[in-house]
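A look at the structure
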Amino acid sequence: MEQAQSAPMPRLLANPRWKAVAETVAIPVIALVTAAIVFSGFLLFLGKNPLQFFALVWQGGFGSAFSLQNTLQRAAPLILTGLAFAIPAIIGLTMIGAEGALVLGGFAAAALAVPLVAAGSPPMLMLVLTAGMAMCTGAALIMIVGWLRHGRQVNETIASLLLTYIAIATMNFFVEGLLRDPASANKPSTVPIGKDYMIGPIPGTEVHWGFAAGLVLAVLLWLLMSRTTFGFAARVTGGNPRAAQAQGLPVGMLILACSAISGACAGLAGFYEVTAIHGQANASLVAGFGFTGILVSFLARHNPLAIVIVAILFGAIEASGGLIQRRMDLPDATAAVLQGLIFVILLASETLQGRIALFQPASDKRA
Amino acid sequence: MTLAVAKTAARAIGLECRGMTKIFGSLVALDDVSITVKPGAFHALLGENGAGKSTLVKCIMGFYQPTRGQLLVNGAEARIDTPAAARDAGIGMVYQHFTLVPCLTVAENMVISRGDLPAVIDWKAEKAALAAFMERMPFRVPLEAPVANLAAGEKQKLEILKQLYLDQRFLILDEPTSVLTPAEADEILGLVRDMAARGDITVLMITHKFREVTAFADSVSVLRRGLYVGGGAVSDMTTDQMSRLMIGETKVRKSAARLADVVSDTKVELNALYVDDSDGMPAVEALDLKIAGGEIVGIAGVSGNGQSELVEAISGQRPLKDGRIFINGRPFDATRKDYDTFKVFGLPEEPLKNATVRRMSVAENIAFRSFDKPPMAGLGWWLRPSEMRRKATDLIASYRVKTPSPDTPIENLSGGNVQRAVLARELSGDVRVLVVANPCFGLDFASVAEIRAQIIDQRNKGAAVLLVSEDLDEVLELSDRIAVMSGGRITYVVPAAEADRNTIGKHMAGHA
């Protein structure tokens with residue numbers, strides 16, 4: 001029976017390891033293709049040509065050196081917020097507070113930058129200090145969630161969502177009051193850090209350093225989660241918390257550590273938003289990167305390396321937004337419709353796990 | 001009463017399965033099974049876990065559609081494709097676990113079990129009807145009592161009454177005694193048998209306890225690996241024959257001999273332990289127990305008397321509210337460090353659920369105890385997957401774990417093989433203290449014998465073993481000393497040699 005089953009299968013899929021990998025890749029791809037088909041129906045309903053849409057996404061995302069750089073620029077925060085969701089997800093927690101950690105981290109960096117710039121600190125020192133500040137602030141915020149989860153059995157998803165609103169309100173409170181730059185008339189902001197203190201692009205490109213930081217962190221975190229004892233313990237905890245406890249693993253410490261990593265990643269994204277894009281903290285920080293990161297991480301199945309690829313894909317969709325708006329006369333929200341479709345269909349297709357016969361190991365359950 | 005019985009007499013239903021086959025994908029769960037249950041019979045369905053008992057019953061109840069085969073009710077072919085159709089045909093089932101709403105009264109539970117409730121319930125009329133119904137029954141449960149206040153035996157009676165109230169005259173009982181004390185079990189099965197003998201009902205009981213079959217059933221069918229392998233009148237069969245039918249030709253490991261004078265300096269002391277359950281109610285109170293090396297102390301008790309909370313507290317899955325555990329006089333906390341220092345290991349119940357990570361590979365699961373120590377960890381934190389696989393390959397061979405490869409996710413293994421992988425992880429080193437909870441739950445005979453032999457082996461090597469089991473026979477077979485747990489306390493301790501089933505049963509029920 002086993003032979004009859006495995007004969008028509010590609011040779012590669014004979015190894016259970018490769019089967020698992022193939023399944024991991026196939027499910028998000030199926031979701032993406034399905035979402036594209038459903039979205040095409042939506043476009044046809046609007047009387048637009050779907051093929052033109054996807055051609056424009058390609059053109060606006062990867063078509064030229066300019067659009068590619070635009071894409072990578074937009075991918076940078078998504079890599080970091082994607083990682084911010086993925087690391088707690090590996091330990092079994094659904095933390096959606098990256099938006100809050102990004103906003104509060106970016107705000108803390110901008111707030112610390114003001115006195116440093118006023119005191120004439122060297123730019124490098126100021127950047128290192130504010131980056132540290134942003135990461136610590138983000139980490140602290142998500143660690144509150146981790147502690148509530150482990151110490152008080154509070155649902156981490158709700159806690160992180162509510163803390164996000166508190167984080168945004170906190171930034172608004174200071175930006176509109178104590179730390180408001182009097183010169184920012186229409187849009188309350190902190191005092192700009194100034195051109196000399198801002199992070200320039202990676203030499204030879206227009207992409208800011210946040211993209212490089214995201215790449216490096218993705219590789220480091222992939223190594224941490226898949227090649228170290230810390231990552232192993234985290235995966236055991238995520239897969240079965242009761243088994244982890246019975247093995248005496250320090251579940252509470254692991255949760256706090258993963259929360260800290262998550263918050264630090266999101267806080268770092270906020271740091272780059274402030275020091276590379278806006279130059280100050282204001283409502284523009286609340287751009288939804290934290291929430292799109294959830295989608296990125298899910299599509300990448302919480303694999304840090306895959307997050308880079310998916311973040312670039314989403315960067316392209318966002319980068320092509322302007323082009324699509326102009327050429328196809330579609331509203332700005334079109335990209336949000338596509339993202340939402342992808343997310344819902346992806347969550348639904350997670351249930352395909354273990355149901356596609358091709359990817360199942362030859363069963364010997366009866367034996 | 002005589003009159004009432006006469007009124008409902010001879011209403012039992014007969015049932016016949018012909019050539020029932022159920023195939024799931026490549027798995028043949030039920031292969032051409034034919035069983036006849038005559039009206040008024042008490043028929044036992046025997047078989048190991050995975051033999052196809054529950055698949056057969058689910059086909060009868062309309063939860064599954066058989067791939068092939070016929071069902072005859074009172075000799076006429078019946079199509080039962082939904083549970084509702086089964087109810088209309090008069091077939092009812094009492095599940096292994098209670099399906100009652102604890103915060104409602106007995107009367108309310110019975111009324112809501114009806115499928116045809118009107119939007120507004122006339123409680124006065126309903127209660128009068130229920131009282132009249134109870135009058136006709138050979139056993140009763142107080143109608144106004146909240147279900148939460150009932151003892152397990154009363155709840156089980158209520159489950160049966162509920163089916164009779166719904167006018168189900170063919171009762172399927174799925175391991176009905178697993179939550180009862182031996183005395184409660186005997187009482188309830190006796191009542192059900194009497195009703196069947198009077199021709200009021202027909203009973204089909206799923207079980208794996210021979211004692212219940214020989215004491216109560218009049219006919220029996222045995223399933224093995226989806227096949228009908230034998231059966232007939234219980235009076236014509238010995239327990240030995242039934243057991244051979246159930247197990248087949250599988251070689252069962254002989255229980256290891258219990259060595260007489262094991263020398264060991266291990267001493268475990270549970271000192272005034274207090275543990276709360278998940279609702280914050282006290283589950284274990286002032287529990288004291290000493291276990292010496294080379295000794296198996298078995299804790300017997302009816303499910304839900306604090307045993308699982310006790311095991312969880314010792315295994316670090318639940319905080320100790322008060323009290324302390326001492327090993328060799330030194331305090332023990334459920335941390336990885338202390339597990340290693342004192343060489344404490346554990347075999348939890350349902351290992352796939354409690355001791356493994358489903359989607360991680362067999363090799364990774366086997367490495368849970370050693371992944372953070374050399375040689376698997378370099379520099380203290382760098383994993384060496386090749387070492388992990390090498391160690392796993394050795395253990396897979398020596399513990400005869402059947403797996404396509406060490407890289408296969410452990411969830412693809414059968415229950416017995418998962419258990420063997422966990423045994424390999426927990427018992428392959430130097431074990432000083434072993435905590436075992438319902439180790440044989442859901443396993444086939446060969447695996448059960450294997451595990452019991454391994455536990456005795458560890459005892460003979462000087463380990464102090466704490467065995468918590470809801471299966472009294474298991475406790476009696478394995479233990480050197482038996483402790484009974486009731487209401488969160490140890491109420492009775494007796495050396496195995498002096499143990500007496502009835503006395504233990506009384507203490508389990510909490511009145512002694």
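Chains are numbered independently. Their residues run from 1 in the order of the written sequence. The naming scheme follows written order: chains are lettered A onward, ligands numbered 1 onward. Only residues with pLDDT of at least 70 get local features here, since the model is predicted, and only at 80 or more are side-chain atom pairs given and counted; chain-wide, interface and lining totals rely on the full set of residues. Values reported for side chains reflect all heavy atoms of the structure, with hydrogen atoms and water molecules removed beforehand.

Concerning the overall build of chain B
The line we're drawing: Helix and strand labels come from DSSP, where a helix needs a run of H or I of at least four residues and a strand needs a run of E of at least two; each type is numbered from the N terminus. The reference for a compact globule is 2.2 Å times residues^0.38; the radius of gyration itself is calculated from the C-alpha atoms. Burial classes: relative accessible area under 20% of the type maximum marks a residue as buried, over 50% as exposed, and values in between as partly exposed (1.4 Å probe, protein chains only). We call two residues contacting when some pair of their heavy atoms lies within 4.5 Å. The accessible surface values rely on the Shrake-Rupley method and a 1.4 Å probe; as for residues, cover is taken only from the protein chains in view. Only four residue types enter the tally: Lys and Arg on the positive side, Asp and Glu on the negative side, with His and both chain ends excluded. Working definition for charges: the position is that of NZ of Lys, CZ of Arg, CG of Asp or CD of Glu.
Counting its secondary structure elements, chain B contains 18 helices and 22 strands. For 512 residues, the compact-globule estimate of 2.2 N^0.38 gives 24 Å, and chain B sits close to it at 25 Å. Overall, the C-alpha framework of chain B stretches about 80 × 50 × 50 Å when taken along its three principal axes. In chain B, which comprises 512 residues, the share counted as buried stands at 53%. When contacts within chain B are restricted to residue pairs at least 6 apart in sequence, those whose partners lie at least 24 apart make up 68%. Of the roughly 22,000 Å² of accessible surface on chain B, 52% is carried by carbon and sulfur atoms. Distance from the positive charge centre (60 side chains) to the negative charge centre (64 side chains) of chain B: 3 Å.

Let's talk about the domain arrangement of chain B
Stated formally: Start and end positions for the domains come from either an automated domain assignment or a database one.
Split into domains, chain B comes out as domain 1 (2–247), domain 2 (265–343 + 431–512) and domain 3 (357–429). Between the C-alpha centres of domain 1 of chain B and domain 3 of chain B the distance comes to 42 Å.

Brief notes about the sheet that holds strand β1 (residues 15–24) of chain B
Residues and elements named next belong to chain B. Put simply, the rule reads: A pair of strands is considered paired only if DSSP assigns at least 2 bridges between the two. Axes here mean lines fitted to C-alpha atoms, for a helix over just the part in contact, with angles spanning 0 to 180 degrees between N-to-C directions.
Read from one edge of the open sheet, 4 strands run β2-β1-β4-β5, paired in antiparallel fashion. Among the strands making up the open sheet, the edge pair consists of β2 (27–37) and β5 (76–77). Summarising the sheet, strand β4 (residues 68–73) and β5 pair through 2 bridges and their orientation is antiparallel. What sits directly across from L72, in β5, is E77. Sheet strands touched by helix α2 (residues 53–60): β1, β2 and β4. Its angle to β1, the strand with the most contacts, is close to 115 degrees.

Regarding the confidence of the model for chain A
Residues and elements named next belong to chain A. Threshold: As a per-residue measure, pLDDT tells how confident the predictor is, with possible values from 0 to 100.
Per-residue confidence for chain A averages 89 on the pLDDT scale, and 93% of its residues sit at or above 70. Per-residue pLDDT stays below 50 along residues 1–9; that stretch engages in 6 contacts with residues further than four places along the chain or on separate chains. Counting contacts from residues 363–367, a segment whose pLDDT is below 50, to residues more than four positions away or on other chains yields 11 contacts.

Some words on helix α11 (residues 251–278) of chain A
Counted only if it meets this: Any helix carries an expected span of 1.5 Å times its number of residues minus one.
With 28 residues, α11 of chain A ought to run about 40 Å at 1.5 Å a step, and its terminal C-alpha atoms sit 39 Å apart, in line with that. Note on α11 of chain A: the residue one or two positions beyond its end, G279 of chain A, has a positive phi of about 80 degrees.

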